[in-house]
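Residue strings, one per chain:
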Amino acid sequence: MQIRPATPADLGQVHDIWYRAEVEDFPDVPPPGDMPAIFHHELETGKMYVAQAGSRILGYTALIPRGAIAYLAELYVRDDEQSSGIGQALLARALPHQASSNGSGLTSAACTLSSNDPRALALYIRAGMQPRWPHFLLYAAGSRITGSSPGEPLAAGVDVVPARPGDHELVRWDAEVGGRFRPEDHAYWVEGTAATPLWFARGSETLGYGYVQARNHEVALWHPEALSLGPIGAHSPTLALDCTLAAVAWAAERAPALALGVPAAHPCLPVLLQAGFRITYVETFVSTEENVFCDPACYLPSSSTLF
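Keep in mind the model is a prediction, meaning the values are calculated, not measured. (Residues numbered from 1 in each chain as written. Predicted model: local features only at pLDDT ≥ 70, side-chain atom pairs only at ≥ 80, totals over all residues. Heavy atoms only, no water.)

(A) Quick peek at the environment of Glu191. Following the sequence through the fold, Glu191 ends up in helix 6 (residues 183-192). In the structure, Glu191 is positioned 24 residues away from Arg215 in sequence and 9.8 Å away in space, judged by C-alpha atoms. (Helix = DSSP H or I, 4+ residues; strand = E, 2+ residues; numbered from the N terminus.)

Here it is, written out as C-alpha coordinates:
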(Lines give C-alpha, C1' and ligand atoms only; values in the text may rest on other atoms or scores of the structure.)
Protein backbone atom coordinates (compact mmCIF):
# COMPACT_ATOMS: atom_id res chain seq x y z
CA MET A 1 0.00 0.00 0.00
CA GLN A 2 1.17 3.53 -0.74
CA ILE A 3 -0.09 6.94 0.40
CA ARG A 4 0.23 9.52 -2.35
CA PRO A 5 -1.29 12.82 -3.53
CA ALA A 6 -4.54 12.31 -5.38
CA THR A 7 -4.98 13.03 -9.08
CA PRO A 8 -8.11 13.72 -11.15
CA ALA A 9 -8.05 10.08 -12.27
CA ASP A 10 -8.69 8.99 -8.66
CA LEU A 11 -11.92 10.94 -8.20
CA GLY A 12 -14.20 8.21 -9.55
CA GLN A 13 -13.05 5.83 -6.81
CA VAL A 14 -13.07 8.66 -4.25
CA HIS A 15 -16.73 9.29 -5.07
CA ASP A 16 -17.49 5.58 -4.73
CA ILE A 17 -15.82 5.38 -1.31
CA TRP A 18 -17.71 8.44 -0.07
CA TYR A 19 -21.06 7.19 -1.40
CA ARG A 20 -20.69 3.72 0.13
CA ALA A 21 -19.74 5.23 3.49
CA GLU A 22 -22.80 7.50 3.38
CA VAL A 23 -25.32 4.75 2.60
CA GLU A 24 -23.96 1.81 4.61
CA ASP A 25 -26.40 0.28 7.09
CA PHE A 26 -29.41 1.81 5.30
CA PRO A 27 -31.86 -0.61 3.63
CA ASP A 28 -33.22 1.79 1.00
CA VAL A 29 -30.48 3.90 -0.51
CA PRO A 30 -30.58 6.60 -3.20
CA PRO A 31 -28.47 6.26 -6.36
CA PRO A 32 -25.02 7.89 -6.23
CA GLY A 33 -25.83 10.47 -8.90
CA ASP A 34 -23.22 12.62 -10.60
CA MET A 35 -19.85 13.25 -9.03
CA PRO A 36 -20.15 16.18 -6.59
CA ALA A 37 -18.15 19.31 -7.42
CA ILE A 38 -16.63 19.25 -3.93
CA PHE A 39 -14.06 16.60 -4.88
CA HIS A 40 -12.62 18.74 -7.68
CA HIS A 41 -12.62 21.74 -5.33
CA GLU A 42 -10.72 19.85 -2.62
CA LEU A 43 -8.24 18.49 -5.13
CA GLU A 44 -7.60 21.89 -6.73
CA THR A 45 -7.57 24.16 -3.64
CA GLY A 46 -6.64 21.77 -0.83
CA LYS A 47 -4.53 18.70 -0.25
CA MET A 48 -6.05 15.34 -1.11
CA TYR A 49 -4.31 12.02 -0.50
CA VAL A 50 -5.27 8.46 -1.36
CA ALA A 51 -4.22 5.06 -0.01
CA GLN A 52 -3.69 2.72 -2.95
CA ALA A 53 -2.98 -1.02 -3.32
CA GLY A 54 -2.58 -2.11 -6.90
CA SER A 55 -5.21 -0.29 -8.92
CA ARG A 56 -7.63 -0.01 -5.99
CA ILE A 57 -8.04 3.11 -3.87
CA LEU A 58 -8.57 1.91 -0.28
CA GLY A 59 -9.27 5.29 1.32
CA TYR A 60 -8.75 9.00 0.94
CA THR A 61 -8.52 12.22 2.89
CA ALA A 62 -8.78 15.92 2.05
CA LEU A 63 -7.24 18.78 4.01
CA ILE A 64 -8.37 22.38 3.49
CA PRO A 65 -5.59 24.74 4.69
CA ARG A 66 -6.75 28.33 4.93
CA GLY A 67 -4.30 30.66 6.64
CA ALA A 68 -3.26 29.25 10.01
CA ILE A 69 -6.14 26.75 10.13
CA ALA A 70 -6.07 23.30 8.56
CA TYR A 71 -9.53 21.74 8.34
CA LEU A 72 -9.69 18.00 7.67
CA ALA A 73 -12.68 17.98 5.36
CA GLU A 74 -12.83 14.25 4.70
CA LEU A 75 -11.30 10.94 5.82
CA TYR A 76 -12.89 7.75 4.51
CA VAL A 77 -11.70 4.14 4.29
CA ARG A 78 -13.46 1.34 2.43
CA ASP A 79 -15.61 -0.79 4.70
CA ASP A 80 -13.63 -3.99 4.02
CA GLU A 81 -10.37 -2.19 4.92
CA GLN A 82 -11.50 -0.73 8.25
CA SER A 83 -9.27 -1.09 11.35
CA SER A 84 -6.21 -1.90 9.26
CA GLY A 85 -4.25 1.29 9.95
CA ILE A 86 -5.16 3.01 6.68
CA GLY A 87 -7.01 5.87 8.36
CA GLN A 88 -4.09 6.51 10.68
CA ALA A 89 -1.63 6.51 7.76
CA LEU A 90 -3.78 8.94 5.77
CA LEU A 91 -4.18 11.26 8.75
CA ALA A 92 -0.44 11.26 9.44
CA ARG A 93 0.23 12.24 5.83
CA ALA A 94 -2.43 14.94 5.68
CA LEU A 95 -1.86 16.85 8.91
CA PRO A 96 0.83 19.57 8.76
CA HIS A 97 3.38 17.95 11.09
CA GLN A 98 6.52 20.05 11.43
CA ALA A 99 8.44 21.68 14.24
CA SER A 100 6.40 24.43 15.88
CA SER A 101 6.67 26.81 18.78
CA ASN A 102 3.64 25.43 20.65
CA GLY A 103 5.20 21.99 21.00
CA SER A 104 2.33 20.17 19.30
CA GLY A 105 4.32 19.41 16.16
CA LEU A 106 1.69 21.18 14.06
CA THR A 107 2.40 24.35 12.09
CA SER A 108 -1.34 25.06 11.83
CA ALA A 109 -4.29 24.59 14.10
CA ALA A 110 -5.95 21.38 12.94
CA CYS A 111 -9.65 20.57 13.29
CA THR A 112 -12.42 18.41 11.88
CA LEU A 113 -15.91 17.12 12.48
CA SER A 114 -15.79 13.52 13.64
CA SER A 115 -18.54 11.07 12.79
CA ASN A 116 -20.29 9.27 15.63
CA ASP A 117 -18.16 6.17 14.96
CA PRO A 118 -16.06 5.73 18.13
CA ARG A 119 -13.12 4.53 16.03
CA ALA A 120 -13.02 7.85 14.18
CA LEU A 121 -13.13 9.90 17.36
CA ALA A 122 -10.35 7.78 18.90
CA LEU A 123 -8.24 8.29 15.78
CA TYR A 124 -8.48 12.08 16.02
CA ILE A 125 -7.81 12.13 19.76
CA ARG A 126 -4.67 10.03 19.27
CA ALA A 127 -3.57 12.58 16.65
CA GLY A 128 -3.66 15.40 19.23
CA MET A 129 -7.19 16.76 18.72
CA GLN A 130 -9.65 17.12 21.58
CA PRO A 131 -13.46 17.01 21.48
CA ARG A 132 -14.84 20.57 21.79
CA TRP A 133 -18.60 20.47 21.16
CA PRO A 134 -21.39 18.43 19.55
CA HIS A 135 -22.54 19.51 16.12
CA PHE A 136 -26.15 18.81 15.12
CA LEU A 137 -27.42 18.23 11.60
CA LEU A 138 -31.03 19.45 11.30
CA TYR A 139 -33.77 18.94 8.72
CA ALA A 140 -37.32 20.20 8.39
CA ALA A 141 -40.08 20.16 5.82
CA GLY A 142 -40.89 23.78 5.01
CA SER A 143 -44.56 23.32 5.86
CA ARG A 144 -43.64 22.32 9.43
CA ILE A 145 -41.53 25.37 10.22
CA THR A 146 -43.39 27.69 12.56
CA GLY A 147 -42.76 30.66 14.84
CA SER A 148 -42.70 30.53 18.62
CA SER A 149 -46.50 30.79 18.69
CA PRO A 150 -49.27 30.15 16.12
CA GLY A 151 -49.40 32.83 13.46
CA GLU A 152 -46.12 34.42 14.56
CA PRO A 153 -43.34 34.59 11.94
CA LEU A 154 -40.08 32.83 12.67
CA ALA A 155 -38.10 35.99 11.94
CA ALA A 156 -39.30 39.57 12.04
CA GLY A 157 -37.61 42.92 11.48
CA VAL A 158 -34.65 41.57 9.51
CA ASP A 159 -34.24 42.37 5.83
CA VAL A 160 -32.71 39.67 3.63
CA VAL A 161 -30.88 41.14 0.65
CA PRO A 162 -29.18 39.01 -2.04
CA ALA A 163 -25.51 39.91 -2.31
CA ARG A 164 -23.32 40.14 -5.38
CA PRO A 165 -21.44 36.83 -5.96
CA GLY A 166 -17.80 37.36 -5.03
CA ASP A 167 -18.58 40.46 -2.96
CA HIS A 168 -15.26 41.34 -1.32
CA GLU A 169 -17.06 42.79 1.69
CA LEU A 170 -18.88 39.52 2.29
CA VAL A 171 -15.60 37.60 2.02
CA ARG A 172 -14.11 40.02 4.56
CA TRP A 173 -17.00 39.49 6.97
CA ASP A 174 -16.57 35.74 6.72
CA ALA A 175 -12.85 36.07 7.48
CA GLU A 176 -13.56 38.20 10.56
CA VAL A 177 -16.26 35.92 11.96
CA GLY A 178 -14.80 32.56 10.94
CA GLY A 179 -11.11 33.38 11.27
CA ARG A 180 -10.13 32.32 7.74
CA PHE A 181 -9.73 34.29 4.52
CA ARG A 182 -11.06 31.92 1.87
CA PRO A 183 -12.27 33.54 -1.36
CA GLU A 184 -11.83 30.24 -3.20
CA ASP A 185 -14.50 28.65 -1.01
CA HIS A 186 -16.92 31.50 -1.64
CA ALA A 187 -16.44 30.94 -5.37
CA TYR A 188 -17.10 27.22 -4.87
CA TRP A 189 -20.38 27.81 -3.03
CA VAL A 190 -21.67 30.02 -5.81
CA GLU A 191 -20.46 27.87 -8.70
CA GLY A 192 -20.37 24.36 -7.21
CA THR A 193 -23.48 24.41 -5.01
CA ALA A 194 -25.55 27.07 -6.79
CA ALA A 195 -25.61 29.11 -3.58
CA THR A 196 -27.22 32.51 -3.15
CA PRO A 197 -25.09 34.90 -1.05
CA LEU A 198 -27.12 37.04 1.35
CA TRP A 199 -26.80 40.09 3.58
CA PHE A 200 -28.95 40.47 6.68
CA ALA A 201 -29.82 44.02 7.73
CA ARG A 202 -32.06 46.02 10.01
CA GLY A 203 -32.61 49.43 8.51
CA SER A 204 -29.19 50.78 7.57
CA GLU A 205 -27.34 48.37 9.91
CA THR A 206 -25.72 45.25 8.48
CA LEU A 207 -26.24 42.36 10.91
CA GLY A 208 -24.45 39.52 9.17
CA TYR A 209 -24.00 37.48 6.02
CA GLY A 210 -24.88 34.02 4.78
CA TYR A 211 -25.40 31.54 1.96
CA VAL A 212 -28.30 29.31 0.95
CA GLN A 213 -27.10 26.39 -1.16
CA ALA A 214 -29.19 24.59 -3.77
CA ARG A 215 -26.79 21.68 -4.41
CA ASN A 216 -24.94 20.80 -1.21
CA HIS A 217 -23.80 17.24 -1.97
CA GLU A 218 -24.15 15.96 1.59
CA VAL A 219 -27.77 17.09 1.74
CA ALA A 220 -28.68 16.37 -1.89
CA LEU A 221 -27.90 12.65 -1.62
CA TRP A 222 -30.73 12.06 0.85
CA HIS A 223 -32.84 15.19 0.45
CA PRO A 224 -32.59 16.47 -3.15
CA GLU A 225 -35.62 18.67 -2.49
CA ALA A 226 -33.91 20.61 0.32
CA LEU A 227 -31.98 23.84 0.39
CA SER A 228 -28.92 23.86 2.65
CA LEU A 229 -28.10 26.86 4.85
CA GLY A 230 -24.61 28.05 5.64
CA PRO A 231 -22.20 29.51 6.21
CA ILE A 232 -24.03 32.16 8.22
CA GLY A 233 -22.12 34.52 10.48
CA ALA A 234 -22.45 37.61 12.66
CA HIS A 235 -20.42 39.38 15.33
CA SER A 236 -22.53 38.39 18.34
CA PRO A 237 -24.72 35.43 19.34
CA THR A 238 -27.84 37.62 19.36
CA LEU A 239 -27.23 38.84 15.83
CA ALA A 240 -26.28 35.32 14.72
CA LEU A 241 -29.68 34.11 15.94
CA ASP A 242 -31.48 36.91 14.07
CA CYS A 243 -29.57 36.18 10.85
CA THR A 244 -30.11 32.43 11.02
CA LEU A 245 -33.85 32.74 11.60
CA ALA A 246 -34.11 35.26 8.76
CA ALA A 247 -32.24 32.86 6.46
CA VAL A 248 -34.54 30.01 7.44
CA ALA A 249 -37.64 32.13 6.76
CA TRP A 250 -36.23 33.30 3.41
CA ALA A 251 -35.30 29.78 2.29
CA ALA A 252 -38.57 28.21 3.50
CA GLU A 253 -40.42 30.34 0.96
CA ARG A 254 -38.30 28.89 -1.84
CA ALA A 255 -38.05 25.14 -1.14
CA PRO A 256 -40.14 22.35 0.40
CA ALA A 257 -37.41 21.43 2.90
CA LEU A 258 -34.32 22.86 4.62
CA ALA A 259 -31.15 21.42 6.15
CA LEU A 260 -28.32 22.95 8.17
CA GLY A 261 -25.63 22.10 10.69
CA VAL A 262 -25.66 23.83 14.10
CA PRO A 263 -22.92 23.92 16.77
CA ALA A 264 -24.24 23.11 20.25
CA ALA A 265 -23.54 26.61 21.58
CA HIS A 266 -25.42 28.42 18.83
CA PRO A 267 -28.56 30.14 20.18
CA CYS A 268 -30.63 29.05 17.17
CA LEU A 269 -30.52 25.36 18.13
CA PRO A 270 -33.40 25.30 20.67
CA VAL A 271 -35.39 27.79 18.59
CA LEU A 272 -35.16 25.67 15.44
CA LEU A 273 -36.05 22.48 17.29
CA GLN A 274 -39.08 24.26 18.69
CA ALA A 275 -39.92 25.52 15.19
CA GLY A 276 -40.16 22.04 13.67
CA PHE A 277 -36.63 20.97 12.79
CA ARG A 278 -35.45 17.51 13.83
CA ILE A 279 -31.96 16.20 14.54
CA THR A 280 -30.81 13.76 11.85
CA TYR A 281 -27.20 13.21 12.97
CA VAL A 282 -24.76 14.29 15.68
CA GLU A 283 -21.06 14.89 15.01
CA THR A 284 -18.25 16.07 17.31
CA PHE A 285 -16.02 19.03 16.52
CA VAL A 286 -12.42 18.22 17.47
CA SER A 287 -9.38 20.47 17.28
CA THR A 288 -5.82 20.90 18.46
CA GLU A 289 -6.64 24.26 20.05
CA GLU A 290 -9.65 25.21 22.16
CA ASN A 291 -10.54 28.38 20.26
CA VAL A 292 -9.34 27.25 16.88
CA PHE A 293 -11.16 29.62 14.56
CA CYS A 294 -14.37 31.23 15.79
CA ASP A 295 -17.04 31.55 18.42
CA PRO A 296 -19.46 28.69 17.66
CA ALA A 297 -22.30 30.80 19.04
CA CYS A 298 -21.77 33.32 16.18
CA TYR A 299 -21.23 31.03 13.22
CA LEU A 300 -22.99 28.28 11.28
CA PRO A 301 -20.79 26.20 8.96
CA SER A 302 -21.37 25.60 5.28
CA SER A 303 -21.47 21.82 5.73
CA SER A 304 -19.51 19.07 7.40
CA THR A 305 -17.12 19.01 4.44
CA LEU A 306 -16.20 22.71 4.21
CA PHE A 307 -16.66 23.95 7.75
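Next comes the rest of the write-up.
(B) Representation of the layout of surface pockets. In this model, the second largest pocket occupies a volume close to 240 Å³. What lines the second largest pocket is a set of 16 residues, and nearest its centre among them are Asp34, Met35, Pro36, His217 and Ala220. Taken together, the elements giving at least two residues each to the lining of the second largest pocket come down to helix 2 (37-45), helix 6 and helix 7 (217-220). Of the residues contributing to the lining of the second largest pocket, the split by class is ten nonpolar, four polar and two charged. (1 Å grid on protein atoms, 1.4 Å probe; cavity = no way out; pocket = protein on both sides within 12 Å on 5 of 7 lines; lining within 4 Å. Points joined across faces, edges and corners; volume = space filled by probe spheres on them. Nonpolar A, V, L, I, M, F, W, Y, C, P; charged D, E, K, R; others polar.)

(C) Representation of empty space enclosed by the protein. A full pass over the atoms with the stated rule returns one cavity of 30 Å³ or more. Taken as a whole, the largest cavity spans an internal volume of roughly 50 Å³. Looking at the largest cavity, the residues that line it are Ile38, Tyr188, Trp189, Thr193, Gln213, Asn216, His217, Ser302, Ser303, Thr305 and Leu306. Among the residues making up the lining of the largest cavity, the classes are represented as four nonpolar, seven polar and no charged.

(D) How the structure looks around the packing of helix 2 against helix 6. At a minimum axis distance of 11 Å, the contact between helix 2 and helix 6 shows a crossing angle of 160°. One element, helix 2, and the other, helix 6, form an angle in the roughly antiparallel class. When the axes of helix 2 and helix 6 are compared, the crossing they make is right-handed. Contacts between helix 2 and helix 6 involve Ala37, Ile38, His41 and Thr45 on the former and, on the latter, Glu184, Asp185, Tyr188 and Gly192. Looking at the contact of helix 2 with helix 6 residue by residue, the class counts come to three nonpolar, three polar and two charged. (Axes fitted to C-alpha atoms, helices over the stretch in contact; angles between N-to-C directions. Parallel < 35°, antiparallel > 145°, perpendicular 65-115°, else oblique. Left-handed = near helix turned anticlockwise from the far one by under 90°. Contact = heavy atoms within 4.5 Å.)

(E) The arrangement of the environment of His186 in detail. Its place among the elements puts His186 in helix 6. By relative accessible area, which is 2% here, His186 ends up buried. Between the alpha carbons of His186 and Glu289 there is a distance of 25 Å; along the sequence they are 103 residues apart. (Buried < 20%, exposed > 50% of the residue type's maximum accessible area, 1.4 Å probe, protein only.)

(F) Structural context of the packing of helix 1 (residues 11-23) against helix 2. The interhelical angle for the contact between helix 1 and helix 2, taken along N-to-C directions, is 125°, at an axis separation of 10 Å. One element, helix 1, and the other, helix 2, form an angle in the oblique class. Handedness of the helix 1/helix 2 crossing: right-handed. Here Leu11, Val14, His15 and Trp18 of helix 1 lie close against helix 2, whose contacting residues are Phe39, His40 and Leu43. Residue classes in the contact of helix 1 with helix 2 are distributed as five nonpolar, two polar and no charged.

(G) Focus on a nonpolar patch on the surface. A cluster of nonpolar residues, Leu273, Ile279 and Val282, forms a patch on the protein surface that exposes about 210 Å² of accessible area. Among the secondary structure elements, Val282 is positioned in strand 12 (residues 278-287). The partly exposed category is assigned to Val282, whose relative accessible area is 33%. (Patch = residues over 30% accessible without salt bridge, like charges linked within 9 Å, V, L, I, M, F, W, Y side chains within 5 Å. Areas by Shrake-Rupley, 256 points an atom, 1.4 Å probe, with all protein chains shown as cover. Salt bridge = Lys/Arg side-chain N within 4 Å of Asp/Glu carboxyl O.)

(H) Main features of helix 3 (residues 86-94). For helix 3, every residue scored as buried is listed here: Ile86, Gly87, Leu90, Leu91 and Ala94. The arc that holds the buried residues of helix 3, viewed along the axis, is 130°, so those residues lie on one side. Among the structural elements, strand 1 (2-5), strand 2 (47-53), strand 3 (56-66), strand 4 (69-77) and helix 4 (118-126) are those in contact with the buried residues of helix 3. (Arc of directions from axis to C-beta.)

(I) Representation of helix 1. The end-to-end C-alpha distance of helix 1 is 18 Å, a good match for the 18 Å that 13 residues give at a rise of 1.5 Å each. Leu11, Val14, His15, Ile17, Trp18, Tyr19 and Val23 are the residues of helix 1 that are buried. Those residues of helix 1 that are buried are in contact with helix 2, strand 2, strand 3, strand 4 and helix 7. Among the residues trailing helix 1, Asp25 stands out with phi positive, at a value near 75°. (Expected span 1.5 Å × (residues − 1).)

(J) Representation of the confidence of the model for the protein within the structure. Residues of the protein with pLDDT of at least 70 account for 94%, and the chain-wide mean is 91. For the stretch residues 98-103, pLDDT sits under 50, and the model shows eight contacts to residues farther than four places along the chain or on other chains. (pLDDT = per-residue confidence, 0-100.)

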